[in-house]
Amino acid sequence: MNLLPKSSKEFGSVDYWEKFFQQRGKQAFEWYGTYLDLCGVLHKYIKPKEKVLVVGCGNSELSEQLYDVGYQDIVNIDISEVVIKQMRERNASRRPQMSFLKMDMTRMEFPDASFQVVLDKGTLDAVLTDEEERTLQLVDRMLAEVGRVLQVGGRYLCISLAQAHILKKAVGHFSREGWMVRVHQVANSQDQVLESEPQFSLPVFAFIMTKFRPVPGSALQIFELCAQEQGKPMRLENAERLAEAVQERQQYAWLCGQLRRKSGLGSVTLDLCNGDTGEPRYTLHVVDSPAVKPSRDNYFAIFIIPQGRETEWLFGTEEGLKQLAASAGFRRLITVALHRGQQYDGMDIIQAELSARVMELAPAGMPAQQQVPFLSVGGDIGVRTVQHQDCSPLSGAFVVEDVQGDDRRYFRRLIFLSNRNVVQSEARLLKDVSHRAQKKRKKDKKKQQPVDDLPAAPGQSIDRSYLCCEHHKAMIAGLTLLGNPELLLETPLALLVVGLGGGSLPLFVHDHFPKFHVDAVEIDPCMLEVATQWFGFSQSDRMKVHIADGLDYITSLAGREARTHYDVIMFDVDSKDPTLGMSCPPPAFVDQLFLHKVKSILTDEGVFILNLVCRDLGLKDSVLAGLRAVFPLLYVRRIEGEVNEILFCQLHPEQKLATPELLEVAQALERTLRKPGRGWDDTYVLSDMLKTVKIV
């Protein structure tokens, strides 16, 4: 039997509802959920002794069930004579104090201020079928009547799907009247409608509009959102922000529904926010592995990424997450990244916060009462301490933070918040700092206090012998293309580095190659302050920093008659434009005309080293072709597990060294660098960096 209208406009028709209830008979029809679904919200906002008007009651059992639990002063109205007759007959003997009246809610016959609550379950949605003038006028009369029959302090409690045009009309009307506006999401509303009834893809909300006494000249408007039945209301700035917040929850509900019905939706990432502040607290990434054969224990798991490790390949890339999910052996794995600036008091607290939410993302077919495991690396949530945060006019907001690595050593990182999963610069802290931090962490754990105060170690606590970034190691290895270990260590050479960051790259060259004179160019003066204060960087007679645009600096040098020439030029500079397919370097740095300027300040036997990060394959081919046109000899070294590729460019094809020759030079250089007193890190093997170098 088809009980639903052919057009939504029929919802506003008296004839439609008369026919509907004749066909329906005595079987109750529950729009948007039963009493059990809604009782949490209803009991929160309606007191048992209050006088309640139910508009558009239909043959729902909601009023009857409210009556049976003590809400006995209830008046029900509906435009359908058929349904009013049915409801009177059904309740005459069992609920004698409850009345049912045939009445048009746009022209109600009650005196002013007759009720303390007006309850509406789906009626506003049924009337407001479109935004045509006639419909809007009808709704205006309905809402005006609601306001008239309510007492000051009374509440209009409207159960709705909160579609955009309905939310706009209801919120706009009552906020202009000076009422307090609250929208309350009904918990677990995605599953509320009966299986025999139409299934709504949107969650159910309750509008709670509280009537205030008019205050002449007052422009105060109050907008609140409750995301859960027991949640603290979140105050919002205006009606537009309230509408956005409701839409976000509708989109989340739609996503949950899609994830429950099917797997393999592709990349799905969402943020769960702090209910009090609205700030992101957890970032969830859903990874399905359809190839995993289902069993009772492998449907679903949650993996907590330790703080500070979300930038690693395994946890921070699509490919890495797929590998993690496959190795974990679950059909659906949800990884959870913890946000900086949020307090986390241990795995148990995180599990308690996430349990209800992540179950909404469970896959179809998961057995009932299935226990969902929470996984991590060693059961640890990791350590992250923000040491410094600021906002640069050029680079935007950034943080300097200390994190614990998988070897229990601590690392300092510079992160630009515009790209928070990319480490801009990184340095290892000295062992005594890491040891003191671990002792303090154990002590704080015994006190059951959060670990959020690692020592604010100054720059001198940096381990200057250690290069953290693989692409920096490869760039240093490129020095061997100069071809002579003695030349590198005993002859004065000039290096230009464009892009300072934390200063690790020029500092390493300065410390380990004592004859090099280093010029570093950095466009952002804030980065020089960060490098100096937090990453152990300092200038000397052999190392100077120039605050300038790298493009302008090189153009200026190339334009001089008496040019400065460099034996090595390194570009390690990122783009601030996220829309480009190439994030390092900015396109202007590989423009053909500019590359000729680079060539003009490079010595004849020198090497130009470039960190390239380009996801656009067509653009990358174009960049490589442009480089070859200026520098005929071009090597490439791909960084495993990263997008980075290090390009080594030279002017003369006859300079070419085959891989065995490169390795021989690197090994000879290493033998000298590893001599006692030089402070060379034994884990850094130059020759390993060159084994996979290829000529393009």
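Residues numbered from 1 in each chain as written. Predicted model: local features only at pLDDT ≥ 70, side-chain atom pairs only at ≥ 80, totals over all residues. Heavy atoms only, no water.

### A short note on empty space enclosed by the protein
Then comes step 1: Overall, the coordinates contain 2 cavities of 30 Å³ or more when judged by the stated rule.
Then comes step 2: What the largest cavity holds in volume is close to 90 Å³.
Then comes step 3: Secondary-structure elements contributing two or more residues to the lining of the largest cavity are strand 18 (423-428) and helix 15 (504-512). (1 Å grid on protein atoms, 1.4 Å probe; cavity = no way out; pocket = protein on both sides within 12 Å on 5 of 7 lines; lining within 4 Å. Points joined across faces, edges and corners; volume = space filled by probe spheres on them. Helix = DSSP H or I, 4+ residues; strand = E, 2+ residues; numbered from the N terminus.)

### Notes on the confidence of the model for the protein chain
Then comes step 1: Residues with a pLDDT of 70 or more make up 87% of the protein chain, whose mean pLDDT is 83.
Then comes step 2: Counting contacts from residues 1-14, a segment whose pLDDT is below 50, to residues more than four positions away or on other chains yields 25 contacts. (pLDDT = per-residue confidence, 0-100. Contact = heavy atoms within 4.5 Å.)

### Quick notes on the sheet that holds strand 12 (residues 300-305)
Hydrogen bonding along the main chain pairs the strands of a sheet, whether they run parallel or antiparallel.
Then comes step 1: Judged by pairing direction, the sheet is mixed, and its 5 strands sit side by side in the order 10-11-13-12-14 without closing on themselves. Strand pairing shows two members of the sheet lacking a second neighbour, strand 10 (268-273) and strand 14 (374-375), which therefore form its edges.
Then comes step 2: Here strand 11 (residues 280-288) runs beside strand 13 (residues 332-338); their pairing, made up of 7 bridges, is antiparallel. Bridge assignment links Leu 284 to a residue of strand 13, and that residue is Val 336. (Pairing = 2+ DSSP bridges.)

### Side note on helix 18 (residues 592-600)
Then comes step 1: Of the positions making up helix 18, those classed as buried are Phe 594, Leu 595, Val 598 and Ser 600.
Then comes step 2: Buried-residue contacts for helix 18 involve helix 17 (550-558), strand 22 (566-571), strand 24 (602-614) and helix 19 (617-630).
Then comes step 3: Here helix 18 starts with a cap whose side-chain oxygen sits 3.1 Å from the backbone nitrogen of Leu 593, and that cap is Asp 591. (Buried < 20%, exposed > 50% of the residue type's maximum accessible area, 1.4 Å probe, protein only. Polar contact = N/O pair within 3.5 Å; in protein donor to acceptor, adjacent residues only side chain to side chain.)

### Looking at the packing of helix 18 against helix 19
Between two packed helices, both the angle of their axes relative to each other and the distance between the axes serve to describe the pair.
Then comes step 1: Remark: helix 18 packs on helix 19, axes separated minimally by 10 Å, with the N-to-C direction vectors making an angle of 40°. Of the possible angle classes, the one that applies to helix 18 and helix 19 is oblique. Here helix 18 and helix 19 pass one another in a crossing that is right-handed. When helix 18 is examined against helix 19, the residues Gln 592, Leu 595, His 596 and Lys 599 are found in contact with a partner set consisting of Gly 626, Leu 627, Ala 629 and Val 630.
Then comes step 2: Residues of the contact of helix 18 with helix 19, tallied by class, amount to 4 nonpolar, 3 polar and 1 charged. (Axes fitted to C-alpha atoms, helices over the stretch in contact; angles between N-to-C directions. Parallel < 35°, antiparallel > 145°, perpendicular 65-115°, else oblique. Left-handed = near helix turned anticlockwise from the far one by under 90°. Nonpolar A, V, L, I, M, F, W, Y, C, P; charged D, E, K, R; others polar.)

### Brief notes about the nonpolar core
Then comes step 1: In terms of nonpolar packing, the biggest core is built from 48 residues, with Ile 476, Phe 513, Phe 516, Val 568, Met 570, Tyr 684 and Leu 686 touching the most fellow members.
Then comes step 2: Excluding residues that lie within four positions of it along the chain, Val 568 makes contacts with Leu 479, Leu 482, Ala 494, Leu 495, Leu 496, Phe 516, Leu 602, Val 607 and Ile 609.
Then comes step 3: Counting residues in each nonpolar core, the second largest holds 41 residues, with Cys 158, Phe 207, Leu 236 and Ala 245 among its members. (Core = buried A, V, L, I, M, F, W, Y, C linked by side-chain atoms within 4.5 Å.)

### Some details on the state of the cysteines
Any covalent bond linking the sulfur atoms of two cysteines counts as a disulfide.
Then comes step 1: Under the definition given, this model contains 0 disulfides.
Then comes step 2: Not engaged in a disulfide, the cysteine Cys 468 finds its nearest cysteine sulfur in Cys 469; these two sulfurs lie 6.2 Å apart.
Then comes step 3: Judged by its relative accessible area of 13%, Cys 468 falls in the buried class. (Disulfide = S-S within 2.5 Å.)

### Topic: the sheet that holds strand 15 (residues 384-392)
Then comes step 1: Strand order in the open sheet made by the 4 strands is 15-16-17-18, with antiparallel pairing throughout. One side of each edge strand has no neighbouring strand; the edge strands of this open sheet are strand 15 and strand 18. Within the sheet, the average angular offset between the axes of one strand and its neighbour, ignoring direction, is 15°.

### Notes on helix 10 (residues 318-328)
Then comes step 1: Buried residues of helix 10: Gly 320, Leu 321, Leu 324 and Ala 325, and no others. Looking straight down helix 10, one finds that the buried residues subtend no more than 135° of arc, so they occupy a single side. Seen from the buried face of helix 10, the exposed residues on the opposite side, beyond 90 degrees, are Glu 319, Lys 322 and Ser 327.
Then comes step 2: Those residues of helix 10 that are buried are in contact with strand 11, strand 12, helix 9 (313-316) and strand 13.
Then comes step 3: Where helix 10 terminates, the next one or two residues include Gly 329, which has phi positive at roughly 80°. (Arc of directions from axis to C-beta.)

### Details of the packing of aromatic side chains
The relation between two aromatic rings is expressed through the spacing of the ring centres and the mutual angle of the planes.
Then comes step 1: Counted by the stated rule, this structure contains 12 aromatic pairs.
Then comes step 2: Ring geometry for Phe 608 and Phe 631: centres 5.3 Å apart, planes at 40°, overall tilted. Highlighted residues: Phe 608 in strand 24 and Phe 631 in the loop between helix 19 and strand 25 (633-638), separated in sequence by 23 residues. The exposure classification of Phe 608 matches that of Phe 631, with both residues buried. (Phe/Tyr/Trp six-rings, centres within 6.5 Å; stacked < 30°, edge-to-face > 60°.)

### Notes on the pairing of strand 16 (residues 396-404)
Sheet faces and side chains relate simply in a regular strand, where the side chains alternate between the two faces.
Then comes step 1: Most of strand 16 is tucked away, with 7 of its 9 residues classed as buried.
Then comes step 2: Hairpin connection from strand 15 to strand 16: 3 residues lie between these consecutive antiparallel strands.
Then comes step 3: Direction of pairing for strand 16 relative to strand 17 (residues 410-416): antiparallel, over a ladder of 7 bridges. Across the sheet, residue Val 403 finds its bridge partner in strand 17, namely Phe 411.

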